[in-house]
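# Secondary and tertiary structure notes
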Amino acid sequence: MARAPETSEEGASISVEIPQAPHALEIEDATIESRGLSIHYGKKPAIRDVSLRIPRRQTTAIIGPSGCGKSTYLRAINRMNDTIPSCRTTGLLLMDGEDVHGPNVDPVLLRRKVGLIFQKPNPFPKSVRENVAFGVKLHYRVSEAELDEVVRAALEQANLWDEVKDRLNEPALSLSGGQQQRLCIARALAVEPDVLLMDEPCSALDPIATAKIEDLMFELKKDMTIVIVTHNMQQAARVADCTAFLYLGKLVEFSGTRDLFERPQEKLTEHYITGRFG
């Protein structure tokens, strides 16, 4: 096993081990699968030989300390890393059995199937209605009446309709932070994705807004696969069916969430979730 020094909250040095063969839950029906996935920014490795199967229509959390590769792994799923010139990817990343880097895969169409919610709300400087309608008009030919129905359905699905139904023509930036984040979720839902990626979606929100996003996740996983990156282990414990722990770009452990938090198989996982480092 590789060894790496770490420092506990009290400042004492501890030694941690990165397993060469990580403990991983067997998943029969996976929406997303990586096989030996490695990602480099220039010469710097961000993800190292990660093999992971993400279950269909469940919520999977990815946890780990800052810089461990969580967001890099998430962005690889819908090829957002393509926008970084120095980024190089090796290994396989499959969605429903198809290589997302295959020659026949259009990244624009992939991103319609795989929505991404960022850490901070990023509504367009347009009206509430225009935000939700944007992707629909980009990908489909619909009448204004049909578009109105899609906008309403997406806002209802994001549990936001009752709060904004009389404000559809107002600027999206006039909404509260929590409303803006749910608006971004509605914008992603409007194009009917199969997968929803969420990168620290509640880190900028207050507890009430966070609870609304978490409640929404329970509803959404009935129809789609959700992958959430979070530093908040209490949030992972609340919302995730399965949890993957990454450290220094490597997968350490992947298990059912309750098992990972209550009965971790790796000492490194136990050190992290008990606050000994990270």
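Read on for a plain summary of the structure.

Analysis parameters
- Residues numbered from 1 in each chain as written.
- Predicted model: local features only at pLDDT ≥ 70, side-chain atom pairs only at ≥ 80, totals over all residues.
- Heavy atoms only, no water.
- Helix = DSSP H or I, 4+ residues; strand = E, 2+ residues; numbered from the N terminus.
- Rg over C-alpha atoms; globule rule 2.2 N^0.38 Å.
- Buried < 20%, exposed > 50% of the residue type's maximum accessible area, 1.4 Å probe, protein only.
- Contact = heavy atoms within 4.5 Å.
- Pairing = 2+ DSSP bridges.

## Topic: the overall build of the protein chain
When helices and strands are counted, the protein chain shows 10 helices and 13 strands. Its C-alpha atoms give the protein chain a radius of gyration of 19 Å, within 12% of the compact-globule value 19 Å for 278 residues. Here the protein chain holds 278 residues, and the buried ones make up 50% of them. Summarising the internal contacts of the protein chain: among those between residues at least 6 apart in sequence, 68% fall at separations of at least 24.

## Considering the side chain of Asn81
Within the fold, Asn81 resides in the loop between helix 1 (70-77) and strand 7 (87-95). The buried category is assigned to Asn81, whose relative accessible area is 4%. Those residues in contact with Asn81 that lie beyond four places of it in its chain are Ile39, Tyr41, Thr72, Arg75, Ala76 and Cys87.

## Re the pairing of strand 13 (residues 250-256)
Within strand 13, seven of the seven residues are buried, which leaves it mostly tucked inside the rest of the structure. When strand 12 (residues 242-247) meets strand 13, the two strands line up antiparallel, connected through six bridges. Counterpart to Cys242 in the pairing with strand 13 is Gly256. A loop of two residues connects strand 12 with strand 13, the two strands running antiparallel in sequence, and Leu248 in this loop sits at a positive phi of about 50°.

## As for unusual backbone geometry
We note that Asp49 has phi near 55°; this positive angle belongs to a residue other than glycine. For Asp49, the location among the structural elements is in strand 5 (residues 44-55). The phi torsion at Asp96 lies on the positive side, around 50°, for a residue other than glycine. For Asp96, the position within the fold is in the loop between strand 7 and strand 8 (98-99). Asp96 gets classed as partly exposed once you look at its relative accessible area, which sits at 40%.

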